[in-house]
Amino acid sequence: MQQYPQFEPEIDENASLDATAGCFRAIGLAMATTVLALVTLILGIWAAINVPPLTAFDNLPPEEAVGRVVTVALDDIGETPGVEPAAPAEWYPIDDTVNVVYTGVLERAFDLLRATDEGARLFDVLVENDVLVSVEELPYNAGYTRTRWSWYGWVGSHIVIDAESVRSRNLDTLAAILVHEAAHAERAITGEACFYEETCDTLPNGVELTEEIAAHGAEARFWQELFGADGKRFAYGSDSGQNRLLEAWQKGDTAFASFVRSIRGDDREGVGI
Ligand SMILES: [Zn+2]
């Protein structure tokens, strides 16, 4: 007879919050304005050559169709990554509930993530451990990873990406957010995460700085692999946020820790999650 523990395992819940957090979001809003102007221009050109611009998306709510066009437009702005996206994967760790528009964008972001060795390894970690990505409207954070664990260790992780971030950010930034969240998931799965032993340096707003330094570090390394040590040229909006992250990371552990502390101290961290 199989023995069961006398008590149900105690499940503690932990939310490891965000990727490129809200301080980049304000810049992102400015970027969105620029992008909307570009989209208007693109739509105008399409109209001029008499091709209905949203034909491919006409079964979608207008804001999502526009979001898709924004992403396509953004692909063509700024320096192109120095690595080619990987060939499509057989399967992507994306929750079935995700709208097909977001699934398409996330898959392309995952292909870019898989173009680097660390990204490809993180992708495999997600697939092998059934860590799925879903999409929700989040008021502040660009994404978060929720991990459940018991006294036996890791139970499961789930990644949530902000819908607006999928709609409005370009693929390289979205891929960097996925790297960040996948790094959280990996540390939880391997038992490295600070919350198991309660050794986290935690900010007053609840952000576990120890985990964020690790995840933002993975994000910075990914950005460097895409664009080199000088970051992305012609960067704006969330791209310039990624450049600043890389610059801080290159200055060493102490400078990077202090940079992460400065971008993650906002009281809105974790709101609505
Ligand atoms: Zn994080």
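Before reading further, recall that the structure is shown in the block above.
Here goes a summary of the coordinates provided. Please read all numbers here as calculations on a predicted model, not as lab measurements. (Residues numbered from 1 in each chain as written. Predicted model: local features only at pLDDT ≥ 70, side-chain atom pairs only at ≥ 80, totals over all residues. Heavy atoms only, no water.)

### Overview of the environment of Arg 268
Right, so step 1: The topology assignment puts Arg 268 in the segment after helix H9 (253-263).
Right, so step 2: Given the relative accessible area of 47%, Arg 268 is considered partly exposed.
Right, so step 3: Not counting chain neighbours up to four residues away, the residues in contact with Arg 268 comprise Tyr 140 and Asn 141. (Helix = DSSP H or I, 4+ residues; strand = E, 2+ residues; numbered from the N terminus. Buried < 20%, exposed > 50% of the residue type's maximum accessible area, 1.4 Å probe, protein only. Contact = heavy atoms within 4.5 Å.)

### Quick look at the pattern of salt bridges
Right, so step 1: For the structure on display, the rule yields 15 salt bridges.
Right, so step 2: The partner of Glu 186 in a salt bridge is Arg 121, and the shortest N-O contact between them spans 2.2 Å. Of this pair, Glu 186 sits in helix H6 (residues 171-190) while Arg 121 is found in helix H4 (residues 117-128), placing the two residues 65 residues apart along the sequence.
Right, so step 3: Residue class for Glu 186 comes out buried when judged on its relative accessible area of 16%.
Right, so step 4: The salt bridge partner of Arg 268 is Asp 266, with a shortest N-O separation of 3.0 Å. (Salt bridge = Lys/Arg side-chain N within 4 Å of Asp/Glu carboxyl O.)

### Focus on the nonpolar core
Right, so step 1: Leu 106, Phe 110, Ile 161, Val 166 and Leu 178 are the most contacted members of the largest nonpolar core, which totals 40 residues.
Right, so step 2: Elements represented by at least two residues in this core include exactly helix H3 (100-113), H4, strand S2 (132-136), strand S4 (153-162), helix H5 (163-168), H6 and helix H7 (209-227).
Right, so step 3: With 10 residues, the single largest contributor to this core is H6.
Right, so step 4: Other than its neighbours up to four places away in sequence, Phe 110 contacts Tyr 92, Pro 93, Ile 94, Phe 123, Leu 126, Val 133 and Leu 178.
Right, so step 5: In terms of nonpolar packing, the next biggest core, distinct from the first, is built from 10 residues, Val 207, Ala 220, Leu 245 and Phe 256 among them. (Core = buried A, V, L, I, M, F, W, Y, C linked by side-chain atoms within 4.5 Å.)

### Focus on the state of the cysteines
Right, so step 1: Counted by the stated rule, this structure contains 1 disulfide.
Right, so step 2: Bridging Cys 194 to Cys 200, the disulfide has an S-S length of 1.9 Å. Measuring the twist about the S-S bond at about 95°, one finds the Cys 194-Cys 200 disulfide to be right-handed. For the pair Cys 194 and Cys 200, one class covers both residues: buried. (Disulfide = S-S within 2.5 Å.)

### Brief notes about the packing of aromatic side chains
Right, so step 1: For the structure shown, the criterion picks out 8 aromatic pairs.
Right, so step 2: Aromatic pair Trp 151 and Tyr 152: ring centres 5.9 Å apart, planes at 75°, arrangement edge-to-face.
Right, so step 3: Classification of Trp 151 by relative accessible area gives exposed; the value is 52%.
Right, so step 4: With a centroid separation of 4.9 Å and 50° between ring planes, the pair formed by Phe 195 and Tyr 196 is classed as tilted. (Phe/Tyr/Trp six-rings, centres within 6.5 Å; stacked < 30°, edge-to-face > 60°.)

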